[in-house]
Amino acid sequence: MHLTAQEERILNGEEGEGAQKAMEILVALGEINNADRLIKIASAQVSGVSYKTIGDAGAEFLRDWSSKKAKVKVLTTLNPAGVDLEMWKELGYPKDFADRQLEIIEAYGNFGIMPSCTCTPYLIGNVPKFGEHVSWAESSSAIFANSVLGARTNRESGISALASAIIGKTARYGMHLTENRAAALVVDVEAELKDQADYAALGYYIGKHYGGTPLFRNIKPSSDDLKALGAALAVGQISMFHVESITPEHVLAEPGVEKVSFEKEDLKESFDSLNTCEEPDIICIGCPHCSVSEINNIIKLNARKEVWVFTARQNKRFIKSRKNVKIISDTCMVVSPLEKLGISSIGTNSAKAAFYSANLSGLKVKFDSAENLMRQ
Ligand code: F3S
């Protein structure tokens with residue numbers, strides 16, 4: 001991979017050990033992936049924030065790197081942490097867990113990163129323009145950036161996104177190249193999709209059974225539906241999708257690509273495979289984090305059970321909380337240790353949350369539409 005004289009200087013440690021480490025990571029990634037050079041990025045979204053997912057080893061790694069004085073060079077937002085940074089006591093999170101979490105946030109602060117702690121940075125001002133290159137970790141936000149915003153990012157790890165943020169560049173390969181962004185599968189949606197849970201079930205089914213970038217036809221998703229669809233597709237390692245006449249690069253399709261249809265029975269299969277209980281302890285909405293309009297809709301449904309709604313901190317000021325509905329920021333039902341709070345089952349309308357709550361946290365899950373869950 002070609003490096004400019006300035007990039008060589010960073011690699012040789014002339015701009016400090018912290019930047020050198022970041023450059024070493026970008027060069028290694030670029031070389032493995034046959035990148036020809038580094039390109040400038042407009043922003044970064046860094047994952048690897050929750051103490052639940054990175055543990056002591058990850059926290060120590062960050063502490064060490066952040067002591068080497070490197071600062072981020074571009075707008076950088078942070079993924080959800082393991083607790084609500086203000087309400088953790090009130091919600092019952094263990095103090096030792098919260099203390100470790102706050103140390104991780106402090107380490108990110110040393111790099112100059114604000115604790116935005118949301119997986120929907122595009123709802124709080126980190127909105128790259130069409131065609132801009134970015135370095136976003138967090139699979140649901142990376143797929144949204146590629147598909148809905150038309151920005152270009154690989155599905156970064158927390159470490160590679162942080163390295164890119166420090167250098168202000170990323171290696172040019174994968175989803176940064178136009179030839180890798182075309183649809184490789186056409187999906188004609190025959191099943192009727194009524195709500196976000198249906199869009200999530202569609203994404204989960206396609207991600208589970210197919211690889212490559214799908215182009216969906218016959219659907220008219222809202223922006224929140226696109227968020228749910230992308231997050232579920234990303235569970236199956238997909239980094240981009242197109243929706244005919246809706247997403248900005250939908251005209252990109254390989255000639256002669258495979259065509260499949262998504263039927264009522266496929267929708268049912270998806271719901272059945274994500275459901276492991278009938279009566280959840282609480283309802284968790286907000287994977288990916290909720291927009292303000294989603295929260296207002298949830299509040300109107302007058303839930304019978306306790307509902308935890310996860311969203312970016314900035315959205316809280318637009319919401320009047322209601323009986324039974326807790327508005328929680330900085331974290332989510334997957335990366336926070338719900339299992340340590342005595343919760344053994346959740347209801348959710350997110351296929352991603354349903355999948356990871358069962359497989360990462362060992363919780364039982366009721367996967368259904370928000371409307372049905374609120375009636376429980
Ligand atoms: Fe976001 Fe947590 Fe879901 S980080 S996409 S709410 S698993």
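In the block above lies the structure referred to throughout.
Residues numbered from 1 in each chain as written. Predicted model: local features only at pLDDT ≥ 70, side-chain atom pairs only at ≥ 80, totals over all residues. Heavy atoms only, no water.

A. Focus on the layout of surface pockets. Looking at the largest pocket, its volume works out to about 450 Å³. What lines the largest pocket is a set of 22 residues, among which Thr53, Asn79, Glu138, Val335 and Lys352 lie closest to the centre. Among the elements that make up the lining of the largest pocket, the one with the highest residue count is strand S11 (residues 282-290) (three residues). The volume enclosed by the second largest pocket comes to roughly 370 Å³. Sorting the residues of the lining of the second largest pocket by element identifies helix H9 (223-235), helix H11 (292-300) and helix H13 (370-375) as the ones contributing at least two each. Per-class residue counts for the lining of the second largest pocket are four nonpolar, six polar and six charged. (1 Å grid on protein atoms, 1.4 Å probe; cavity = no way out; pocket = protein on both sides within 12 Å on 5 of 7 lines; lining within 4 Å. Points joined across faces, edges and corners; volume = space filled by probe spheres on them. Helix = DSSP H or I, 4+ residues; strand = E, 2+ residues; numbered from the N terminus. Nonpolar A, V, L, I, M, F, W, Y, C, P; charged D, E, K, R; others polar.)

B. Looking closely at the packing of aromatic side chains. In this structure the tally under the stated criterion is ten aromatic pairs. Measuring from centroid to centroid gives 3.8 Å for Tyr122 and Phe144, while their planes differ by 10°, and the two rings are stacked. Of this pair, Tyr122 sits in the loop between helix H5 (95-110) and strand S4 (135-137) while Phe144 sits in helix H6 (residues 139-149), and the two are 22 residues apart along the sequence. For Tyr122, a relative accessible area of 9% translates into the label buried. Both rings, one in Phe216 and one in Phe241, keep their centres 6.3 Å apart while their planes meet at 65°; by these two values the pair is edge-to-face. Residue Phe216 is located in strand S8 (residues 214-217), and its partner Phe241 is located in the loop between H9 and strand S9 (242-243); the two are separated by 25 residues in the primary sequence. Per residue, the accessibility class of Phe216 equals that of Phe241, and both read buried. A connected cluster of aromatic rings, assembled from ring pairs, spans Phe61, Trp65 and Phe111. Over the ring of Trp65 we find Lys21; its NZ or CZ atom is 5.8 Å from the centre of that ring. (Phe/Tyr/Trp six-rings, centres within 6.5 Å; stacked < 30°, edge-to-face > 60°. Buried < 20%, exposed > 50% of the residue type's maximum accessible area, 1.4 Å probe, protein only. Lys NZ or Arg CZ within 6 Å of the ring centre and 35° of its normal.)

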